[in-house]
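# Coordinate analysis (summary)
Single-letter residue listing:
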Amino acid sequence: MIEKNYQPADIEDRMNLAWEKAGAFKAGREDRREAEPFTIVIPPPNVTGSLHMGHALNNTLQDILCRFERMRGRDVLWQPGTDHAGIATQMVVERQLMERQEPGRRDMGRAKFLERVWAWKAESGGTIVNQLKRLGASCDWSRERFTMDEGLSRAVAKVFVTLYREGLIYKDKRLVNWDPKLLTAISDIEVQQKEVKGHLWHLRYPIAGRKFEIENPSSYIVVATTRPETMLGDTAVAVNPNDDRYTHLVGMDVVLPLVGRKIPIVADDYSDPEKGSGAVKITPAHDFNDFEVGKRHNLAQISVLDAEGQLNLSGNEDFLRGLPEGALILADELQGMDRFKARKVIVERLEEYGFLEKIEPNTHMVPHGDRSGVVIEPYLTDQWYVDAKTLAAPAIAAVRNGDTTFVPKNWEKTYFEWMENIQPWCISRQLWWGHQIPAWYGPDGKVFVAETEDEAVGNAIGYYVEQEIITPEQGHDMAVDPAKREGFITRDEDVLDTWFSSALWPFSTLGWPDSDTDVKRYYPTNILVTGFDIIFFWVARMMMMGIHFMKDVPFPTVYMHALVRDEKGAKMSKSKGNVIDPLYMIDEYGADALRFTLAAMAAQGRDIKLSTQRVEGYRNFATKLWNAARFAEMNGCARIENFDPASAKETLNRWIAHETARATHEVTEAIEAYRFNDAANIIYRFVWNVYCDWYLELAKPVMMGEAGAAKSETQAAVAWARDEILKLLHPFMPFITEELWAVTEKRAGMLALAEWPIKPQAEIDPVIQAAMAGDPLAIPVLYSPVSEPFSDPAAEAEIGWLVDLITAIRSVRSEMNIPPATLFPLTLVKASSEMQARANRWSDVIKRLARVAEISFADTAPQGSLQLLVRGEVAAIPLKGVIDLGAERARLDKELARADADIQRIDAKLGNADFVARAPEEVIDEQREKRDEASARRAKILEALERLKGAE
């Protein structure tokens, strides 16, 4: 018995428990062991995370694919898990210690602190997993993994050691994104570019050998900088080789102001003659571009800041080397000073000595740490790197030759641009929480890289015995007695970049390297569904690692979904106050409504403009389905075992079978092509318009009539079509469909494991395939254990004409403002005997639903009638005496003028270059949408006027 009201909250928890109890989502189920596998790995959310709208979209699309393929009989593995999220998790626990007024991380020590992190993870780390279950994610939760569990940690160590021994991991001194607050290198994705209103300082650098005079521009060269505090580390001035103003100076030196060091003037294309003076200062240790210029010209790298962003001059050998005695009078004053305070002091001194030419206001982008909020420093430090260029080559080739394709395909260009210009990947982080780098240092600094400490100790003993630094006896004692090896080697304190372990996700989660059973069955995966923002950080690196270690791409298809924005197209952010919380949406409208909204709006390559009203609208859609199922139940509609719609006698029932077949084919085709929005919109129209508004409405007189064959068949057909709808809708709205599946009939199994109405193409009989290929009108779609492909063009022609006729008449009523109480006659012009018979069969329905007084037939349309062309047949509606035609024309003319004015006003805005340049992207999009709406309104008005012309 179906409850009177649809209440999502009453259903969702119960359905989740039922699926879990049935093991519905388990991979390798007994009944699927011989089935073709289908694998997706979830992009592991941070263990600290909470469900946001991006997660909701990403996991909804994955779940649609998994439920779809599971119903098609495949052995589905949707691999779940979470990421240890190095910086984020460490910060959460440190904040907790501070709030509880407990000793800090460094006071506590590494071992004790890591114990606290694991305790926090056990207590709070499952939040987002439970939220994903609320969304309806059909992962095999029994296989949940964590990037720092024992198995994945062994995989990480093996990959690191293997790449090191292959020469693809190495240690180097390079610039990194350095967070002076968190005291660690961070990845590009953890850097936020913020617009800052700053200044551009123009500085005079004296040319060596010439007397510096402010009035004599030939005695100096002007450079501009946004960061005067780093000028103390300049090692060159660069000019463009084609800039005639400076070619005579190339090879000469300038004297670095305040410092006195001579630095060369070099020619380099990096310098843009059109910007500023055309000369730029080069600070290789404090700017990524300058670092590359420095490498090209073999320039010194002088870092003048320490890890905390303070000036480091006194005692800095790199800075002091080659410095004229007494040249820098500021060294002691600036030592240990904060970089921004030092900036003011340095500018004051530059001005005092005549080296400051001018200061200009300058709005520019400045990198900030997304966690700490402080300005990020390009910082020169020793770090571990992966030779990404070598690993990228086969990953580039895999996409070029089609082993992996991107959907939409335009993302391949972005992939190639990044991969072909890839830089060494910095994989070390100065944190405690994470995979500690498997490298140990001997007393002389010798590095021993190994998967375990015992292996590293063994390697070190062998090396130092061979070098005769220790005796064989000492080596033996250390090998058998751990106490005697204490302090012999020391492990690298750094941990690996979180993305390093994530790059192994498609195969490490399958048991590699300990076992290859699941790897053989489920690798490569079938598709990756992810956001475009991590195409470089995750997708590309999975490609590199998968190909290198598995000798195959990790996925043949990468589906890139877009962003979820607010209803006006603006990016959601807490500061704007426009964030839509998916958990709130689920509480208010149900998970099914949220899921369907996201799917229906997920057009390839187009951002989603989400509004609460859309979610509420799809909640109404769910209610419509619920009420339709109740209506069917209340009218005795029940499933008949082995009911075959192809054997139906009633035209209406054959029509719904035909329409169900069409919808099934189109939905299946759309999901297979990852056109989620098309699939959702097709089924929406089918359920709301075809099944509810037309089929049930047209079936009412039969179901409420006397008992008989027509009534029994219609009741069975209504129930059959309802079940087909539940199957088609299940991947999108799993909760309500599973509930209705359970309460409408006694079933042998769950809907989540029911058979999809169409078998995968490979399972369709070749003879049937051939027959369908030869008949373009055939609809090869309706499959059940007892049914053949079904199509009934005659039924579609009859009921389709009926639907179109009533719809056209209703449109006229709406356009002409004819009230429902006003009945008018309908004349069918030059109708064939077949058409007359059809009209007579459905005359009561036409009169009731179209509010028609009577139906007649004539060779010509009555005078003063409005003519409708419905599927090639002419239907005439005499309007004289029904409405005031002149007044109606005047009203429509006024509406047309209003629509034209709206279009002209919007065109003026969009044609204004200044408006387009200044207005936010979402405002431009909103204006374009308004224009489209006005154009559509104008087209309808013109159509109404054209019809009216025929009636006058």
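Details of the structure are given in the entry above.
Let me sum up the structure you'll find in this document. The structure presented is a predicted model; accordingly, all values stated were derived computationally and were not measured.

## Considering the overall build of the protein
Looking only at helices and strands, the protein has 33 helices and 29 strands in total. Along the longest, intermediate and shortest principal axes, the C-alpha atoms of the protein span 115 × 80 × 55 Å. Burial status across the protein gives 54% buried among its 952 residues. Restricting the contact set of the protein to residue pairs at least 6 apart, pairs at least 24 apart contribute 77%. Carbon and sulfur atoms form 49% of the exposed surface of the protein, whose accessible area is close to 42,500 Å².

## Brief notes about unusual backbone geometry
Here the residue pair Val-407 and Pro-408 is connected by a cis peptide bond, since its omega of -5° sits within 30 degrees of zero. Mapped onto the fold, Pro-408 is located in the loop between strand E15 (405–407) and helix H13 (411–419). For the peptide bond that leads from Tyr-523 to Pro-524, omega is 0°, which places it in the cis range. Structurally, the position occupied by Pro-524 is in the loop between helix H18 (517–522) and strand E22 (528–531). If you check the backbone angles, Asn-298 has positive phi at about 55° while not being a glycine. By the secondary structure assignment, Asn-298 is in the loop between helix H8 (288–297) and helix H9 (317–320). A positive phi angle, near 60°, is found at Asn-817, a position not held by glycine. Relative to the elements of secondary structure, Asn-817 occurs in the loop between helix H28 (793–815) and strand E26 (824–829).

## Comments concerning the layout of surface pockets
The space that makes up the second largest pocket amounts to roughly 1,400 Å³. Thr-226, Arg-227, Tyr-270, Asp-287 and His-364 are the residues nearest the centre of the second largest pocket, which is lined by 44 residues in total. Elements represented by at least two residues in the lining of the second largest pocket include exactly strand E7 (191–206), strand E8 (220–225), strand E12 (279–282), H8, helix H11 (339–352), strand E13 (356–369) and strand E14 (377–386). Among the elements that line the lining of the second largest pocket, the one with the most residues is E7, at 7 residues. Among the residues forming the lining of the second largest pocket, the class breakdown is 18 nonpolar, 16 polar and 10 charged.

## Quick word on the sheet that holds E12
The strand order E10-E11-E9-E12 describes an open sheet built from 4 strands, whose pairing is mixed. Two strands lie at the open edges of the sheet, namely strand E10 (253–255) and E12, each paired on one side alone. Between one strand and the next, the sheet's axes are offset by a mean angle of 30°, whatever the strand orientation.

## Concerning the state of the cysteines
Counting across every chain of the model gives 0 disulfides. Counting only cysteine sulfurs, Cys-637 is the nearest neighbor of Cys-692, a cysteine outside any disulfide, at a range of 12 Å. For Cys-692, a relative accessible area of 10% puts it in the buried group.

## Details of the pattern of salt bridges
Evaluated as defined, the whole model comprises 61 salt bridges. A salt bridge links Glu-672 to Arg-72, with the nearest nitrogen and oxygen atoms 2.7 Å apart. In this pair, Glu-672 sits in helix H23 (residues 651–672) while Arg-72 sits in the loop between helix H2 (53–71) and strand E2 (75–79), placing the two residues 600 residues apart along the sequence. In this structure Glu-672 comes out as partly exposed when scored by relative accessible area, which is 41%. Residue Lys-409 is joined to Glu-412 by a salt bridge in which the shortest nitrogen-to-oxygen separation is 3.1 Å. For Lys-409, a relative accessible area of 54% gives the class exposed. The exposure class of Glu-412 is buried, given its relative accessible area of 8%. Sharing partners across several salt bridges, the network here consists of Arg-639, Glu-641, Arg-722, Asp-723, Glu-745 and Arg-747.

## As for the environment of Ser-611
Here Ser-611 shows up in the loop between strand E25 (608–610) and helix H22 (612–634). According to the relative accessible area criterion, Ser-611 is buried, its value standing at 10%. As for Ser-611 and Asp-253, which are separated by 358 residues in sequence, their C-alpha atoms are 62 Å apart.

## Looking at the packing of H2 against helix H6 (residues 127–135)
At a minimum axis distance of 10 Å, the contact between H2 and H6 shows a crossing angle of 55°. In terms of their interaxial angle, H2 and H6 are classed as oblique. Judged by the sense of rotation from one axis to the other, the crossing of H2 with H6 is right-handed. Mapping the contact onto sequence places His-55, Ala-56, Asn-59 and Thr-60 in H2 and Ile-128, Leu-132 and Leu-135 in H6. Residue composition of the contact of H2 with H6, by class: 4 nonpolar, 3 polar and no charged.

## Describing empty space enclosed by the protein
Which parts of space are left empty comes out when a probe the size of a water molecule is rolled across the atoms. Scanning the model with the defined rule gives 3 cavities of 30 Å³ or more in all. Looking at the largest cavity, its volume works out to about 60 Å³. When contributions to the lining of the largest cavity are tallied by element, the ones reaching two or more residues are helix H3 (86–99) and strand E21 (495–496). Across the lining of the largest cavity, the residue classes break down as 5 nonpolar, 4 polar and 3 charged.

## Looking at the packing of helix H21 (residues 591–600) against helix H26 (residues 734–744)
In the contact formed by H21 and H26, the axes pass within 7 Å of each other and the chain directions differ by 125°. Classed by the angle they form, the pair H21 and H26 counts as oblique. Contact with H21, carried on its side by Ala-591, Asp-592 and Arg-595, involves Pro-734, Phe-735 and Ile-736 of H26 and no other residues of that element. Along the lines of polarity and charge, the residues of the contact of H21 with H26 split into 4 nonpolar, no polar and 2 charged.

## Digging into the environment of Glu-69
With respect to the element layout, Glu-69 can be found in helix H2. By relative accessible area, which is 7% here, Glu-69 ends up buried. Sequence-wise, Glu-69 and Ile-263 are 194 residues apart; in three dimensions their C-alpha atoms are separated by 66 Å. Ignoring anything within four residues of it in the chain, the contact list for Glu-69 reads Phe-38, Arg-74 and Val-76.

## Brief notes about the sheet that holds E13
Sheet architecture is open: 3 strands sit in the order E8-E7-E13, paired in antiparallel fashion. Looking at which strands have only one partner, the edges of the open sheet turn out to be E8 and E13. The average angle at which neighbouring strand axes cross in this sheet is 20°, direction not considered. Two strands pair when backbone bridges link them, and E7 and E13 are joined in this way by 13 bridges, in the antiparallel orientation. Among the inter-strand pairings, Leu-200 is bridged to a residue of E13, identified as Glu-360.

Quick notes on the rules
- Residues numbered from 1 in each chain as written.
- Predicted model: local features only at pLDDT ≥ 70, side-chain atom pairs only at ≥ 80, totals over all residues.
- Heavy atoms only, no water.
- Helix = DSSP H or I, 4+ residues; strand = E, 2+ residues; numbered from the N terminus.
- Buried < 20%, exposed > 50% of the residue type's maximum accessible area, 1.4 Å probe, protein only.
- Contact = heavy atoms within 4.5 Å.
- Areas by Shrake-Rupley, 256 points an atom, 1.4 Å probe, with all protein chains shown as cover.
- 1 Å grid on protein atoms, 1.4 Å probe; cavity = no way out; pocket = protein on both sides within 12 Å on 5 of 7 lines; lining within 4 Å.
- Points joined across faces, edges and corners; volume = space filled by probe spheres on them.
- Nonpolar A, V, L, I, M, F, W, Y, C, P; charged D, E, K, R; others polar.
- Pairing = 2+ DSSP bridges.
- Axes fitted to C-alpha atoms, helices over the stretch in contact; angles between N-to-C directions.
- Disulfide = S-S within 2.5 Å.
- Salt bridge = Lys/Arg side-chain N within 4 Å of Asp/Glu carboxyl O.
- Parallel < 35°, antiparallel > 145°, perpendicular 65-115°, else oblique.
- Left-handed = near helix turned anticlockwise from the far one by under 90°.

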